[in-house]
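# Notes for the structure review
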Amino acid sequence: MIAAIPFKRIALVSLMTLSFGAMASVAQAQAEVSFIKPENFSDIGFNYVDRTTAMKQLEDHFKALAARELPGKQLKIEVTDIDLAGELEPAARVDRLRVLRTVTIPRMSFTYTLSENGKVLKSGKADIKDMDYQNASNRYFDSEPLRYEKKMIDDWMAKDLLGKDRLARVTP
């Protein structure tokens, strides 16, 4: 009888821990991001390292936005094309230089599905671009990698998924 009491207490504590963990995971959005045939993307970088770094940064951005803006929902993104802001120019050194011009706008194409508890709330194909990326206000610092692309994703999520003009400012 004495040995049964600690076992019951351990079982109860374990069950409570699992319950709280399940509640926490339900409240937080889950995002799944995949890149379909990235070797065919219009412009995702010059070499393998540039491409994988850019894809990782965009994936992390989608996931962070979903966690913050879509609690309790699931977002699935399948990116089919990316054209980063600017254009890679040949340089005398090994590295290439990305030059930003008004005609080299950022673009991205993807399909998306927003669901909650297995029920699809919204889905579709998005072809987003920012024609005024150099002049529009941007919530990201100049030093932020892929700042124009991230702003473009923010604008899409605000308008198409949340029905807002823009996302609320987040202080670090």
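See the structure above.
Here is a short report on the structure shown in this document. (Residues numbered from 1 in each chain as written. Predicted model: local features only at pLDDT ≥ 70, side-chain atom pairs only at ≥ 80, totals over all residues. Heavy atoms only, no water.)

### Considering unusual backbone geometry
- In this structure, Lys37 takes a positive phi of about 50 degrees despite not being glycine.
- Relative to the helices and strands, Lys37 is located in the loop between strand 1 (30–35) and helix 2 (48–69).
- Positive phi, close to 55 degrees, is recorded for Asn117, a residue that is not glycine.
- As for its position among the elements, Asn117 is in the loop between strand 5 (107–116) and strand 6 (119–129).
- On the basis of relative accessibility, which here comes to 70%, the residue Asn117 falls in the exposed class. (Helix = DSSP H or I, 4+ residues; strand = E, 2+ residues; numbered from the N terminus. Buried < 20%, exposed > 50% of the residue type's maximum accessible area, 1.4 Å probe, protein only.)

### As for the pattern of salt bridges
- Under the definition given, this model contains 12 salt bridges.
- For Glu69, the salt bridge goes to Lys164, with nearest N and O atoms at 3.9 Å. Here Glu69, found in helix 2, pairs with Lys164, found in the segment after helix 3 (147–161); they are 95 residues apart in sequence, far enough to count as distant.
- Among the residues examined, Glu69 registers a relative accessible area of 15% and is labelled buried.
- With relative accessibility at 37%, the residue Lys164 sits in the partly exposed group. (Salt bridge = Lys/Arg side-chain N within 4 Å of Asp/Glu carboxyl O.)

### Some points on the nonpolar core
- One finds Leu75, Ile77, Val79, Ile82, Met108, Phe110 and Trp156 to be the most contacted residues of the largest nonpolar core, which totals 30 residues.
- Mapped onto this core, the elements with two or more residues apiece are strand 1, helix 2, strand 2 (74–83), strand 5, strand 6 and helix 3.
- When sequence neighbours within four positions are dropped, the list of residues in contact with Met108 reads Leu58, Phe62, Val79, Asp81, Ile82, Ala126, Asp127, Ile128, Met152 and Ile153. (Core = buried A, V, L, I, M, F, W, Y, C linked by side-chain atoms within 4.5 Å. Contact = heavy atoms within 4.5 Å.)

### Here we look at the packing of aromatic side chains
- One pass over the full model with this rule turns up five aromatic pairs.
- Between the aromatic rings of Tyr112 and Trp156, the centroid separation amounts to 5.1 Å while the plane-to-plane angle is 70 degrees, which identifies the pairing as edge-to-face. Of the two residues, Tyr112 sits in strand 5 while Trp156 sits in helix 3, which places them 44 residues apart along the sequence.
- Aromatic ring contacts, followed pair by pair, group Phe62, Phe110, Tyr112 and Trp156 into a single cluster. (Phe/Tyr/Trp six-rings, centres within 6.5 Å; stacked < 30°, edge-to-face > 60°.)

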